[in-house]
Amino acid sequence: KKDELLQNYAIKSERVHTINQLLKAYALFEKDDEYVVIDNKVKIVDEQTGRVMEGRRYSDGLHQAIEAKERVKVEAATQTFATITLQNFFRMYSKLAGMTGTAETEAGELWDIYKLDVVVIPTNRPIIRDDQNDRIYKTKREKYNAVIVEIENLVSKGRPVLVGTTSVEISELLSRMLNLRKIKHNVLNAKLHQREADIVANAGQSGVVTIATNMAGRGTDIKLPAEVKKAGGLAIIGTERHESRRVDRQLRGRAGRQGDPGSSVFFVSLEDDLMRLFATEKIAGLMDRMGFEEGDVLEHSMLSKSVERAQKKVEENNFGIRKRLLEYDDVMNSQREVIYKRRKHALMGERIDNDVANMISETSKNIVETYEDDYESMKHELLRVMAFEVPFKEEDMKKMRTSDMIDAVKEKAFETFKRKTDRLAEIAQPVITQVYEKQGAMYENILIPITDGKRVYNISCNLKEAYETGSKALVRSFEKSILLHTIDEDWKEHLREMDDLRQSVQTASYEQKDPLLIYKLESFNLFGTMINDINSKSVSILMRGQIPVQDPSTVRQAAPEQKTDYSKYRTQKDESGGIAPGEGSNDDPNAQQRQKQKLEPIRVEKKVGRNEPCPCGSGKKYKNCHGQ
């Protein structure tokens, strides 16, 4: 009954999570705003640049929920293998620098996070662009109508117009409005980003109208012909103030480059997100008192400054969020450094002997300290993990100190490990010798099946190195493969647990506690558990690892063929251990021959390079002959 209840709970909690994500997808994520649907796939749009982020997917089932909402193919859930914030990624470099036209507003953040100063370099030629005050309207409808009228006026004067929008949806709305007025124009948004350079390159021609999301034209200069310069240059129209001053400055900066003439103006309505949240009441009251009617515009430098103050508040809030995120990632970063250092050692193989010795020591110590008062449990755990008996009797255990017990178990563990690795090398050496001496010129690497009794691992090893070191290189390759495998598996699981922990600690703020502090304490415990688990799993596999044999000169397949796809661990078909039941009889003339055949490990052939002579002897390069 208890199992049944737990199973029901697991199913229901999964359903609650799924419903949560579906509600999020329907209520908080708008098509053509946060994401677009291209080729029947949901693709995320970068809020700042308006560009499609290829290959990026929302995690935790949210992307699948959006796919279900849009009725496109629901792809399989993804799992995070590694994670890092951009800030910590950049801080891994010993030297940092960068150039941008809009860093001045973020100088405080660049100093706080990276300890970098922002230096403003004067422009090559004086800027003569006319940056006009914001034009404020009561409703979005009035604002968009005013934008269309302004575009008509500017086109009639022969000036090119670049219209900046904050989302794909608004760019398409303005496009429909311009089509009604029969005004020719180009649309540049996340759905049409392949044409970006072409559209932007022509955006400076007389009377050309370009509607663009925030992605417009970075990396491509908008060149102006002489008649356009006379007419007043490129006109920039912003249809909404972005929540970051940087993005507004980037849009303004499309015009007035290298001393060219130009103008920029933002059209704002009290229904815009920024105004609605920060500046509505005062301005709405002012408009009512002054008896504003539909279509009337409010324009004053004081109002433009109040909009900038609102933007500053949002920027500070966003910086606070980014800083908090970094504080959480700093906890992960210290753990990341430990794991990646350990993984690097396993990958390079230089310190692998030390690491394995430390793992055996730590595992022995943990088992003894956990079961120092329970002989039977200690016996069971040592057999399960280390594959040897307790090296002392129960009556002796009562008289021994904990440190003496740890030393005895460590000594036995190292002795067992050395005996088993020596045995592994001894069994593999005859086959490696035979292959190297007879076919060494043909093969560079050799695959040896090693099993821990649960799973078969095909260990790749350099044939020449294995032969020369008496198969010690094979043992080293086995240790390396197992360490990498267990570190990767446990780290993936740990990332998921850390995500869950971060979600759950947020409720601590209701108890007037700091969620970050609780996160630090809990994550430390989780990390300790993960390290112990990596040690225990690695030691268990290394202690049990053996080449399955009938006698020292014969290497057999380690496990029967299973339905699970073990293609990456596949061994050669077993032909040495006789015939499976029902597969043949004494009358079979080949049966005896099959029984005598020895199974040789799979060998990986040396690859022929594309530009090397073809082995067929034609005299041509491999890529022009059999490599075509």
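Okay, so let's go over this structure. Values in this document were obtained by computation on a predicted structure and should not be read as measured data.

1. Here's the deal with helix 19 (residues 515-544)
- Taking 1.5 Å per residue as the helical rise, helix 19 with its 30 residues ought to reach 44 Å, and the 43 Å between its terminal C-alpha atoms agrees with that figure.
- The backbone nitrogen of Leu516 lies 3.1 Å from a side-chain oxygen of the residue at the head of helix 19, namely Asp514.

2. Brief notes about the packing of aromatic side chains
- Taken as a whole and assessed by the stated rule, the structure comprises eight aromatic pairs.
- With 6.2 Å between their ring centres and 10° between their planes, Tyr137 and Phe267 make a pair best called stacked. With Tyr137 in strand 4 (residues 135-137) and Phe267 in strand 9 (residues 262-269), this pair connects stretches of sequence that are 130 residues apart.
- By relative accessible area, Tyr137 is classed as buried at 6%.
- A relative accessible area of 1% places Phe267 in the buried class.
- Residues Tyr340 and Trp491 carry aromatic rings whose centres are separated by 6.3 Å and whose planes lie at 70° to one another, so their mutual orientation is edge-to-face. With Tyr340 in helix 12 (residues 301-348) and Trp491 in helix 18 (residues 472-505), this pair connects stretches of sequence that are 151 residues apart.

3. Description of the pattern of salt bridges
- All told, the structure shown has 32 salt bridges when counted by the stated rule.
- Note that Arg496 is salt-bridged to Glu493, the shortest N-O span being 3.5 Å. With Arg496 and Glu493 both in helix 18 and three residues apart, this pair spans about one turn of that helix.
- Linked by salt bridges that have partners in common, Arg129, Asp131 and Arg252 make up one network.

4. A word on a nonpolar patch on the surface
- Side chains of Ile84, Leu86, Phe89, Phe90, Met92, Tyr93 and Leu96 sit close together on the surface and give an oily, nonpolar patch of about 680 Å² of accessible area.
- Structurally, Met92 can be placed in the loop between helix 3 (86-90) and helix 4 (107-114).

5. Focus: the packing of helix 13 (residues 352-370) against helix 19
- The geometry of helix 13 relative to helix 19 is characterised by a closest axis approach of 9 Å and an angle of 105° between their N-to-C directions. Compared by their axis directions, helix 13 and helix 19 come out roughly perpendicular. Taking contact as the criterion, the partners of Val356, Met359, Ile360, Glu362, Thr363 and Asn366 in helix 13 are, on helix 19, Asn532, Ile534, Asn535, Ser536, Ser538, Val539 and Leu542.
- For the contact of helix 13 with helix 19, the class distribution of residues is six nonpolar, six polar and one charged.

6. Let's talk about the packing of helix 14 (residues 375-385) against helix 19
- Running from amino to carboxyl end, helix 14 crosses helix 19 at an angle of 70°, the nearest separation of the two axes being 8 Å. Classified by the angle their axes make, helix 14 and helix 19 are roughly perpendicular. Side by side, helix 14 and helix 19 meet where Leu383, Arg384 and Val385 of the first sit next to Ser536, Val539, Ser540, Met543 and Arg544 of the second.
- A class-by-class count of the residues in the contact of helix 14 with helix 19 yields four nonpolar, two polar and two charged.

7. Some points on the pairing of strand 1 (residues 35-38)
- Here strand 1 runs beside strand 2 (residues 41-44); their pairing, made up of four bridges, is antiparallel. Looking at the pairing, Val37 lines up with Val42 of strand 2.
- Adjacent in sequence and paired antiparallel, strand 1 and strand 2 are bridged by two residues, among which Asp39 carries a positive phi angle near 50°.

About the thresholds
- Residues numbered from 1 in each chain as written.
- Predicted model: local features only at pLDDT ≥ 70, side-chain atom pairs only at ≥ 80, totals over all residues.
- Heavy atoms only, no water.
- Helix = DSSP H or I, 4+ residues; strand = E, 2+ residues; numbered from the N terminus.
- Expected span 1.5 Å × (residues − 1).
- Polar contact = N/O pair within 3.5 Å; in protein donor to acceptor, adjacent residues only side chain to side chain.
- Phe/Tyr/Trp six-rings, centres within 6.5 Å; stacked < 30°, edge-to-face > 60°.
- Buried < 20%, exposed > 50% of the residue type's maximum accessible area, 1.4 Å probe, protein only.
- Salt bridge = Lys/Arg side-chain N within 4 Å of Asp/Glu carboxyl O.
- Patch = residues over 30% accessible without salt bridge, like charges linked within 9 Å, V, L, I, M, F, W, Y side chains within 5 Å.
- Areas by Shrake-Rupley, 256 points an atom, 1.4 Å probe, with all protein chains shown as cover.
- Axes fitted to C-alpha atoms, helices over the stretch in contact; angles between N-to-C directions.
- Parallel < 35°, antiparallel > 145°, perpendicular 65-115°, else oblique.
- Contact = heavy atoms within 4.5 Å.
- Nonpolar A, V, L, I, M, F, W, Y, C, P; charged D, E, K, R; others polar.
- Pairing = 2+ DSSP bridges.

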